[in-house]
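# Observations on the model geometry
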Amino acid sequence: SCLRPNPRSSLVSWARRCVYETCFRVSWKKCAKGKEIQWIGVVFELRLISAELALTITERLMRDIREECDAMMGSAVVGLRRTGRLAGKLSWAAGVAPRSRWAASCLYAAVAAATKDVADGTEDRRRAKRHDSRRKEHLIHTKRIILALVWSAAFWRAKDKALTRVVSLRPTFFEFELQLDASPWGIGGVLWSTGEPRVALQYFADDVAQADASALD
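Okay, so let's go over this structure. It should be emphasised that the depicted structure is a prediction, and the values quoted were computed from it without experimental measurement. (Residues numbered from 1 in each chain as written. Predicted model: local features only at pLDDT ≥ 70, side-chain atom pairs only at ≥ 80, totals over all residues. Heavy atoms only, no water.)

### Points about the environment of E52
Structurally, E52 can be placed in strand β3 (residues 52-57). Given a relative accessible area of 23%, E52 falls into the partly exposed group. On a C-alpha basis, the gap between E52 and V167 in space is 5.6 Å, while along the polypeptide they are 115 residues apart. In this view, E52 contacts E45, L46, R47, V166, V167, S168 and L169; residues no more than four positions away in its chain are not counted. A polar contact is formed between the side chain of E52 and the side chain of S50, at a distance of 3.2 Å. (Helix = DSSP H or I, 4+ residues; strand = E, 2+ residues; numbered from the N terminus. Buried < 20%, exposed > 50% of the residue type's maximum accessible area, 1.4 Å probe, protein only. Contact = heavy atoms within 4.5 Å. Polar contact = N/O pair within 3.5 Å; in protein donor to acceptor, adjacent residues only side chain to side chain.)

### Focus: the sheet that holds strand β7 (residues 176-182)
What the 3 strands build is an open sheet, ordered β7-β8-β9; its pairing is antiparallel. On the outer flanks of this sheet lie β7 and β9 (199-207), each paired with one strand and no other. Averaged over all neighbouring strand pairs, the angle between strand axes comes to 10°, with direction disregarded. The pairing of strand β8 (residues 186-193) with β9 spans 8 bridges and is antiparallel. Counterpart to G188 in the pairing with β9 is A205. (Pairing = 2+ DSSP bridges. Axes fitted to C-alpha atoms, helices over the stretch in contact; angles between N-to-C directions.)

### Points about a positive patch on the surface
On the surface, a cluster of positive charge is contributed by R60, R63, R81, R85 and K89. Put simply, the parts of the chain that give the positive patch at least two residues each are α2 (59-73) and α3 (80-93). Per-element accounting of the positive patch gives the leading share, 3 residues, to α3. Residue position: R81 is located in helix α3. On the accessibility criterion, R81 (74% relative accessible area) is exposed. (Patch = residues over 30% accessible without salt bridge, like charges linked within 9 Å, V, L, I, M, F, W, Y side chains within 5 Å. Areas by Shrake-Rupley, 256 points an atom, 1.4 Å probe, with all protein chains shown as cover. Salt bridge = Lys/Arg side-chain N within 4 Å of Asp/Glu carboxyl O. Lys, Arg positive; Asp, Glu negative; His and termini not counted. Charge placed at Lys NZ, Arg CZ, Asp CG, Glu CD.)

Without other data, these values stay purely geometric and don't point to any function.
In structure tokens:
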């Protein structure tokens, strides 16, 4: 007899794929199991009836990001590891709020640039020119990341409650429109997607030969 697919297993597979597509990197061996789990400040809720995956950033994670941004803005320099940890939190939260990902990218770029300066000797040359000869390769000037800090603090402060992103686990279908036209010299067509904006998905065009005209006459 044929084995019938398990709808629950199919939805779980879709959920795992959806988590991957939203740029989350999850260690499945360490995760809790169930229709609702929490992992590093993000709640994953599998809605079986509506076939949706709800991703919710907890108020605690948003508060941690705000407080860390405020604290770092109050210092002239911050540690590279500390900056990297904040970048990790911002990148994780950006899985739910994609528009905030640029701030994490700025922090990662600053850490990478500072690390490169240490590796190629640029930081040593700077230290030789300073009156203060103490080693500062583990530090980064806050002004290099101030825009990302200010924006992130304001963005996550504006969220006075948990932020949720809902992702459908059903296949996406759309309506389309086929437009055709012909003349004594040629024939063509365009496959359009409906809705706004209207997008041309595919097209074709070809010349009409005398033999074609005779066959269609």
